[in-house]
Each structure stands twice: as structure tokens, then as C-alpha cells.
Amino acid sequence: MNRAEKIAIFDSGIGGVTVLQEIMKVLPKENYIYYSDSKNNPYGEKTEKEIQQLCNNIVQYFKQRNCKIIVIACNTASAKAVQFLRKTYPEIPFIAIEPAYKMVHDTSYDKPTLVMATEGTIHSEKFNLLLKKYDNHKTFLLPCVGLADKIEQGREEEIKEYLQNILKPYQNKVENVVLGCTHYPLIQEEIKAVLGEVQFFNGAPNLAKHLKKVLEEKDLINEKGEGKVEFEDSQGIKGKEKRFFEILKGEKENENIKK
Ligand code: DGL
């Protein structure tokens, strides 16, 4: 591995762009390769075995592409597959996103908290260990079945209707919202439209800091790159690449609420 090699990052779709945005703020000179697994998304309701197999295929792809580290920008894939990947590829450093529940513990422990994530993440052993460790005993867990897919497809009206139904029981009941899926930071405004002023918790900024620290420790920081981002989609959908770069560059921030 050398410093100039790329940082690899993947998600079941384009949601991981919210993680890449945070990473590029702290590591603007690195070069990146982003893999969106559209062909197989959503991951949220897949079995552990299926997700491990899909992640394994992605790692195999990255292995051909000169990568020095792999960022799992999908909470579901992290929850179900990171242990398996670390065991299978001990030579590759993996950095994995997780719901920012510890951040609630550290900064807003006394407030009622809603954790929104996929069913896979909410029911995973990894998340339940985190919950047990930092439980504030005022936490509601909300598996948002199908929501990541609606965001991936950009179905604005359906997203609003879905959030109305699923979030209504929590109106005036929660003050913290953990965005436990990397697609959800794209719909913060729509969530606020139902819940009112809440404080959002997103794991991506801390992941970015951690990634930088790991690269520094391993002497893998690239100071001469150009911040180049390559995009690859398993289904090869052209429109997806365009949308990904628009969101990445902030041209379409919170695109779902504007229309
Ligand atoms: N962005 C993925 C996550 O963070 C979405 C999972 C899915 O495809 O259902 O969990």
C-alpha cells in the first residue's frame, strides 16, 4: 500500500455520498473511488449472509483498483458484514459507519431520542451492543422499512407521505434524531417538517476524523492528490452518477424538499 493509492468507499446506493462529503472536508487532497451497489439495493431487509456476499464482491472489485483503505458508508453493511470482512481480509483496513448513538450519550444524554435506521441495522447484534452500552432509557427505535429505497429513487411525494405516517407518533415526543442510515441526511428537512425542531446526529463527521487519524497513523496520507472522485455503479445507471455528483457538489442539497 502506498500513500497515493485511493480511498475506496461504498454503499448500497448513492446514500454514502453524505459520508464522502464529510470525508472530503477533512481529506480534500485524497483521490477516491465510490461504489454504489444499485443492482442489489436495498440492503436493509437482506440476510446477513446475503450482505456479506455482496460486500465480499465489492471488496474483490476494490482489490483490483489500487485502494489503500475501504470505508463502509452503509450502516446496514457495517452492522452485518464488517466483522466478516475484517476476518476475511486482515491486510485491508476497514472504516465502518455506525449510528451516532454514542454522540447522543456524550452530548445530549437526557433528551428523548429517536433512532431511525433500516430494519437490518436496528435488529443487528452490533447496533444492540451499542444501544446497551449507551442507553439513555429514553430511546425509541424506528426501523424505516423501504425508506432508503425511496430516497435512492428520489420519490419525493412518497417520502413525504411515508414520513408523515411513520413519524406522527413521535411528534412532540423526541428532541434528538439519530440518522442511522447514510441516505437519511438527504431528507433532514422533510423529517423536520413532521417532527419540528430536532437535533440530528449523523455518524459521518466522526467517521471522517477517525479515517484521517488511521491514515496518519499508517503514514498513508496523500498530500499530492487532487480530490478526484471516480464513481462506479453496479447497474451502470447513468442518471445515478449525475445525481451523485450534483449532491456531492452541493448543487442539489436536500433535493427532495425543494420541489
Ligand atoms: N445507506 C444504507 C444504510 O446506511 C441503506 C441500506 C439499504 O440499502 O437499505 O443503511
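The structure presented is a predicted model; accordingly, all values stated were derived computationally and were not measured. (Residues numbered from 1 in each chain as written. Predicted model: local features only at pLDDT ≥ 70, side-chain atom pairs only at ≥ 80, totals over all residues. Heavy atoms only, no water.)

### Focus: the packing of aromatic side chains
Rule in force here: Aromatic rings from Phe, Tyr and Trp, taking only the six-membered ring of Trp, are treated as a pair when their centres fall within 6.5 Å; an angle between ring planes under 30 degrees marks them as stacked, one over 60 as edge-to-face, and anything in between as tilted. Numbering of helices and strands starts at the N terminus; helices are DSSP runs of H or I of at least 4 residues and strands are runs of E of at least 2.
Tallied over the full model, the rule gives 11 aromatic pairs. Note on F231 and F245: the rings are 6.3 Å apart at their centroids and 65° apart in plane angle, and the pair reads as edge-to-face. With a gap of 14 residues between them, F231 in strand β9 (residues 229–233) and F245 in helix α11 (residues 238–248) connect regions that are remote in the sequence. Within the aromatic cluster, the residues linked to one another by ring pairs are F10, Y35, Y61 and F62.

### Digging into the site of the ligand
The condition that has to hold: Being near a molecule or strand, for a residue, comes down to having at least one heavy atom within 4 Å of it. Residues adjacent in sequence count toward polar contacts only when both atoms are side-chain atoms; beyond that, a polar contact is any pair of N or O atoms within 3.5 Å, and within protein one must be able to donate a hydrogen and the other to accept it. Each accessible area is a Shrake-Rupley estimate made with a 1.4 Å probe; only the visible protein chains count as cover when residues are assessed. Residue type decides the class: Asp, Glu, Lys and Arg count as charged, Ala, Val, Leu, Ile, Met, Phe, Trp, Tyr, Cys and Pro as nonpolar, and the leftover types, Gly among them, as polar.
Taken together, 13 residues form the shell around the ligand, and within it S12, Y43, G44, T76 and T182 come nearest. Between G44 and the ligand, the recorded distance is 2.8 Å, taken from a backbone N or O atom to an oxygen atom. Contact distances for the ligand include 2.8 Å between a nitrogen atom and a side-chain N or O atom of T182. A total of 300 Å² of accessible area belongs to the ligand in isolation, and the protein chains cover 98% of it. For the shell around the ligand, the per-class residue count stands at five nonpolar, seven polar and one charged.

### A short note on the confidence of the model for the protein chain
Inclusion rule: Every residue carries a pLDDT, the predictor's confidence in it, which falls somewhere between 0 and 100. Here a residue-residue contact requires only that any non-hydrogen atoms of the pair lie within 4.5 Å.
Confidence in the prediction for the protein chain averages 95 pLDDT; 97% of positions are at 70 or higher. Residue range residues 254–259 is modelled with pLDDT below 50. Its contacts to residues more than four positions away, or to other chains, number 20 contacts.

### Quick notes on the environment of Q53
The following threshold applies: Any residue under 20% of the maximum accessible area for its type is buried, any over 50% is exposed, and the rest in between are partly exposed; the area is computed with a 1.4 Å probe on protein chains only.
As for its position among the elements, Q53 is in helix α2 (residues 48–63). A residue is classified by how much of its surface remains accessible, and Q53, at 45% relative accessible area, is partly exposed. Each C-alpha atom of the pair Q53 and A81 lies 8.8 Å from the other, and the pair is 28 residues apart in sequence.

### Quick notes on the state of the cysteines
Our working rule: We call a pair of cysteine sulfur atoms a disulfide whenever their separation is within 2.5 Å.
One pass over the structure, following the stated rule, counts zero disulfides. No disulfide involves C55; its sulfur sits 7.1 Å from that of C74, the nearest cysteine. Just so you know, C74 is unpaired, no disulfide at all, and the nearest cysteine sulfur is the one on C181, 6.8 Å from it.

### Observations concerning helix α3 (residues 75–88)
Formally: To estimate how far a helix should reach, multiply one less than its number of residues by 1.5 Å. We define the bend at each residue as the angle formed by axes fitted to the 7 residues ending at it and the 7 residues starting at it.
An ideal rise of 1.5 Å per residue puts 20 Å on 14 residues; α3 measures up with 19 Å between its terminal C-alpha atoms. At A81, α3 is deflected by roughly 60°, the largest bend along its length. Along α3, the residues that are buried comprise N75, T76, A77, S78, A79, K80, A81, V82 and L85. Against β1 (6–11), α2, β3 (67–72), β4 (94–96), α5 (119–122) and α6 (125–134) lie the buried residues of α3.

### Concerning unusual backbone geometry
Negative phi is the rule for most residues except glycine; trans is the rule for most peptide bonds. Here N41 and P42 are connected by a cis peptide whose omega angle stands at 5°. Position of P42 among the secondary structure elements: in the loop between β2 (32–36) and α2. Positive phi values are uncommon outside glycine, yet D219 reaches one of about 55°. By the element assignment, D219 lies in the loop between α10 (204–217) and β9. Overall, D219 belongs to the partly exposed group, its relative accessible area being 47%.

### Quick word on the pairing of β3
Here is the rule we go by: In this scheme, strands are said to pair when DSSP sees at least two bridges between them. Looking down the strands as they point away from you, a crossover is right-handed if its path from the first strand over the helix to the second goes clockwise.
Most of β3 sits inside the fold, with six of its six residues counted as buried. When β1 meets β3, the two strands line up parallel, connected through five bridges. Bridge pairing in β3 links I9 to V71. By the bridge criterion, three bridges tie β3 to β4 in an arrangement that is parallel. The residue bridging I72 from the neighbouring strand is A96, located in β4. Taking the sense of rotation as the criterion, the β-α-β connection linking β3, α3 and β4 turns out right-handed.

### A few points about the sheet that holds strand β7 (residues 176–179)
Our working rule: Geometry is summarised by axes, namely lines fitted to C-alpha atoms with helices restricted to the contacting stretch, and by angles between N-to-C directions that run from 0 to 180 degrees.
Taken in spatial order, the four strands of this open sheet run β6-β5-β7-β8, and their pairing is parallel. A strand with exactly one partner marks an edge of an open sheet, and here the two such strands are β6 (139–143) and β8 (199–201). Averaged over all pairs of adjacent strands, the angle between their axes in this sheet comes to 20°, without regard to strand direction. In terms of strand pairing, strand β5 (residues 113–117) meets β6 through five bridges, oriented parallel.

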